[in-house]
Amino acid sequence: MSQQDGSVDAERSNVTDLVANCDPSGKRTIFVLTKVDMAEENLADPSRIRKILSGKLFPMKALGYFAVVTGRGRKDDAIQTIKDYEENFFRNSKLLKDSQIRSTQVTTRNLSLAVADCFWKMVRETVEQQADSFKARRFNLETEWKNNFPRLREQDRDELFERARGEILDEVVNLSQVSPREWEERLLVNMWGKVSGNVFENIYLPAAQTGASETFNTAVDIKLRQWAESTLPAQSVECGWESLKSEFQKFMQRASQAPEHDDIFDQLKRAVVNEAMNRHKWEDKASDMLRVIQLNTLEDRTIADKRDWDQAVKFLEASVKAKMKESEETLKALLGPSVKERWLYWKYQSEVQSKRQQVKNELDRILYSNDKHPPILSYDELTTVRNNLQRNAIEVDNEFVREIWNAVYRRHFLNKALGRAYDCKKAFYLYHQQMDVDCADVVLFHRVQQMMKVTSNALRQQITNREARRLDKEIKEVLDDYSQDQGKKVQLLTGRRVTLAEELKRVRQIQEKLEEFIQALNKEK
């Protein structure tokens, strides 16, 4: 707004020059001539004001030219008094009566209306330009979506999160579809995988090396009770938790392989499941309940019928074969390639492996001469082995010999145990008649097998009655936490598809608001 004092010569003022330099086209300027009452009194030529208000007196362009009177210079005058004075002046002014100026160019009221009209016109033009810009941006984004994701609905992060929530909770519901038999079979497999090392290394092998069946049974009873009172319940609970986790992740994996699977949710689903699993704790009283059941089951040494006997023999046989396979792999790692492999595949033994092979040959002779050899080599036997090797210019120490002996003897023992398992297949009648049969290891594995069965049954009930529902609750809590955390959504729902949908939503919202604003401006007009 360019103000010019009408009581002085406009030609002497540099205001118009400054305005002309800042706004040459006059698209942002309104010229205001003040103190017109004083100008009218002092001017000899009334047409001079007309020239000023028509923009012809000096080179300055403007949207409008107005003349106002802002009072009589008294500081105490009220606003209404100033307005009344201005209205009276222009009503009686010679300038209006002689048509020197138009009535629309005078008074502060007309000026304010003109300023408002110019302002909203500029606002409308700016908003319309912005609306056109966002319209073009929206078209480009929609074209990109149609080209890259033609069969997918546009969904922002919040909508995608709700879809993922539904899919995750559906998989939790699927846990209830697993039959009791399937649960117990999986729990049995997982339980044996967790306790087999302890059964073999801490119970079966030490007890079997005592020599007699009486001492074997005593050692087994002691070690089984110690085990059941200490680590077995915690191992069982851990097995149940791992089985529940594995089963749920299996459902998630199966869903990820379905034809309609959307991989945009994978990262979010993994994060939710992992967080829920970390929060989940098995019920505290479960271990105490399992301890009582396991102690009672392990104390029962009777095998009532042939079916249970056959199952125990089969269990022993499968377990020994698995350990034999591990033993063979250990020996192969120690001895290197066999004769067949060296001939057919041009493989070679290292110097150390060659020494181990020579030691193994000497130890095989000892076991061949004494099939019931104890698990430890005597000092004389160690000396004999070393002397025999020295004749072939091979120098080894006692520890080197014992290392090979442990692997060789373990395989020898497992072979004998497997042979006893074969012999015991038809020994149930003799056992039932309480005759002397060497099948104490079958009874041990029957006790362990029965313990695992009752434990699996108890764990299955805990899972279906309590733990699955608690896991469902924890997953819902995690989902609720993540739904309030926009940072998590940004972190876990990524990719151009997400950012494009978010941008499209934002551009549409801005464009709609701008169009509403334009409509409101047009109505106001």
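Up top is the structure.
About the thresholds
- Residues numbered from 1 in each chain as written.
- Predicted model: local features only at pLDDT ≥ 70, side-chain atom pairs only at ≥ 80, totals over all residues.
- Heavy atoms only, no water.
- Helix = DSSP H or I, 4+ residues; strand = E, 2+ residues; numbered from the N terminus.
- Rg over C-alpha atoms; globule rule 2.2 N^0.38 Å.
- Buried < 20%, exposed > 50% of the residue type's maximum accessible area, 1.4 Å probe, protein only.
- Contact = heavy atoms within 4.5 Å.
- Areas by Shrake-Rupley, 256 points an atom, 1.4 Å probe, with all protein chains shown as cover.
- Lys, Arg positive; Asp, Glu negative; His and termini not counted.
- Charge placed at Lys NZ, Arg CZ, Asp CG, Glu CD.
- Patch = residues over 30% accessible without salt bridge, like charges linked within 9 Å, V, L, I, M, F, W, Y side chains within 5 Å.
- Salt bridge = Lys/Arg side-chain N within 4 Å of Asp/Glu carboxyl O.
- Axes fitted to C-alpha atoms, helices over the stretch in contact; angles between N-to-C directions.
- Parallel < 35°, antiparallel > 145°, perpendicular 65-115°, else oblique.
- Left-handed = near helix turned anticlockwise from the far one by under 90°.
- Nonpolar A, V, L, I, M, F, W, Y, C, P; charged D, E, K, R; others polar.
- Phe/Tyr/Trp six-rings, centres within 6.5 Å; stacked < 30°, edge-to-face > 60°.
- Lys NZ or Arg CZ within 6 Å of the ring centre and 35° of its normal.
- Expected span 1.5 Å × (residues − 1).
- Arc of directions from axis to C-beta.
- Polar contact = N/O pair within 3.5 Å; in protein donor to acceptor, adjacent residues only side chain to side chain.
- Disulfide = S-S within 2.5 Å.

Another aspect to go through is the overall build of the protein. Secondary structure summary: the protein contains 21 helices and three strands in total. Its C-alpha atoms give the protein a radius of gyration of 49 Å, clearly above 24 Å, the size a compact globule of 525 residues would have. Seen through its principal axes, the protein has C-alpha atoms that stretch 145 × 60 × 50 Å. Taken over 525 residues, the protein has a buried fraction of 41%. Sequence-distant contacts, at least 24 apart, represent 80% of the contacts inside the protein between residues at least 6 apart. Accessible surface, the protein as shown: approximately 30600 Å² in total, 49% of it carbon and sulfur. Placing the 86 positive and 84 negative side-chain charges of the protein at their respective mean positions leaves the two points 3 Å apart.

Another aspect to go through is a nonpolar patch on the surface. A cluster of nonpolar side chains, namely Val339, Trp343, Leu344 and Tyr345, defines an oily patch on the protein surface of about 530 Å² accessible area. With respect to the helices and strands, the residue tyrosine 345 is situated in helix 14 (residues 339-345).

What follows covers the packing of helix 10 (residues 232-256) against helix 19 (residues 440-483). Axis separation between helix 10 and helix 19 bottoms out at 9 Å; the angle between their running directions is 55°. As summarised for this structure, helix 10 and helix 19 are arranged oblique, according to the angle between their axes. Regarding helix 10 and helix 19, the two cross each other, and that crossing is right-handed. Facing helix 10, whose interface residues are Leu232, Ser236, Val237, Gly240, Leu244 and Phe248, helix 19 presents Met451, Thr455, Leu459, Ile463, Glu467, Leu471 and Ile475. Classifying every residue of the contact of helix 10 with helix 19 gives nine nonpolar, three polar and one charged.

Let's shift gears to the side chain of arginine 508. Relative to the helices and strands, arginine 508 resides in helix 21 (residues 496-524). Owing to a relative accessible area of 19%, arginine 508 belongs among the buried residues under this scheme. Not counting residues within four places of it along the chain, the set of residues in contact with arginine 508 comprises Arg138, Glu142 and Glu154.

As a further point, take the pattern of salt bridges. Evaluated as defined, the whole model comprises 43 salt bridges. Here arginine 496 ties to glutamate 503 by a salt bridge, and the two come within 4.0 Å at their closest N and O atoms. Relative accessible area serves as the criterion here: at 16%, glutamate 503 is assigned to the buried category. Linked by salt bridges that have partners in common, Arg163, Glu167, Asp262, Lys269 and Arg497 make up one network.

Moving on, we come to the packing of aromatic side chains. Considering all chains together, one arrives at 13 aromatic pairs under this definition. Consider the rings of phenylalanine 315 and phenylalanine 445, whose centres lie 5.6 Å apart with planes at 70°: the pair is edge-to-face. With phenylalanine 315 in helix 13 (residues 306-335) and phenylalanine 445 in helix 19, this residue pair connects regions lying 130 residues apart in the sequence. Across the pair, phenylalanine 445 and phenylalanine 315 agree in class, each one buried. Ring centres of phenylalanine 428 and tyrosine 431 lie 6.4 Å apart, and the angle between their planes is 35°; on these two criteria the pair is classed as tilted. Taken together, the positions of phenylalanine 428 and tyrosine 431, both in helix 18 (residues 428-432) and three residues apart, correspond to about one turn of that helix. Phenylalanine 428 sits in the buried class, given a relative accessible area of 11%. What links up through ring pairs into an aromatic cluster is the set Trp192, Phe200, Tyr204, Phe216, Phe315, Phe413 and Phe445. Sitting above the plane of the phenylalanine 161 ring, lysine 489 keeps its charged end 5.2 Å from the centroid.

Among the structural elements, serine 319 can be located in helix 13. Aside from chain neighbours lying at most four places away, what touches serine 319 is Trp192, Phe200 and Phe445.

A few words on the environment of glutamate 328. Turning to its location among the elements, glutamate 328 is positioned in helix 13. Of the residues examined, glutamate 328 reaches a relative accessible area of 34% and is grouped as partly exposed.

For the rest of this paragraph, the subject is helix 7 (residues 157-174). Compared with an ideal rise of 1.5 Å per residue, which puts 18 residues at 26 Å, helix 7 spans 26 Å between its outermost C-alpha atoms and is within 8% of the ideal. The complete set of buried residues in helix 7 reads Arg157, Leu160, Phe161, Ala164, Arg165, Ile168, Leu169, Glu171 and Val172. When helix 7 is viewed along its axis, its buried side chains cluster within an angular range of 165° and face the same direction. Between the side-chain oxygen of the N-cap and the backbone nitrogen of aspartate 158 there are 3.3 Å, and the N-cap of helix 7 in question is aspartate 156.

Here we come to unusual backbone geometry. At tryptophan 346, a residue that is not glycine, the phi angle is positive and equals roughly 55°. Structurally, tryptophan 346 can be placed in the loop between helix 14 and helix 15 (351-369). Positive phi outside glycine occurs at alanine 393, with the angle close to 65°. The topology assignment puts alanine 393 in the loop between helix 16 (379-391) and helix 17 (398-424).

Turning to the state of the cysteines, a few remarks are in order. Tallied over the entire structure, the rule returns one disulfide. The disulfide bridge from cysteine 424 ends at cysteine 439, spanning 2.0 Å between sulfur atoms. Disulfide cysteine 424-cysteine 439: torsion about the S-S bond near -105°, hence left-handed. With a gap of 15 residues between them, cysteine 424 in helix 17 and cysteine 439 in the loop between helix 18 and helix 19 connect regions that are remote in the sequence. Summarising the burial analysis for this pair, cysteine 424 and cysteine 439 share the class buried.

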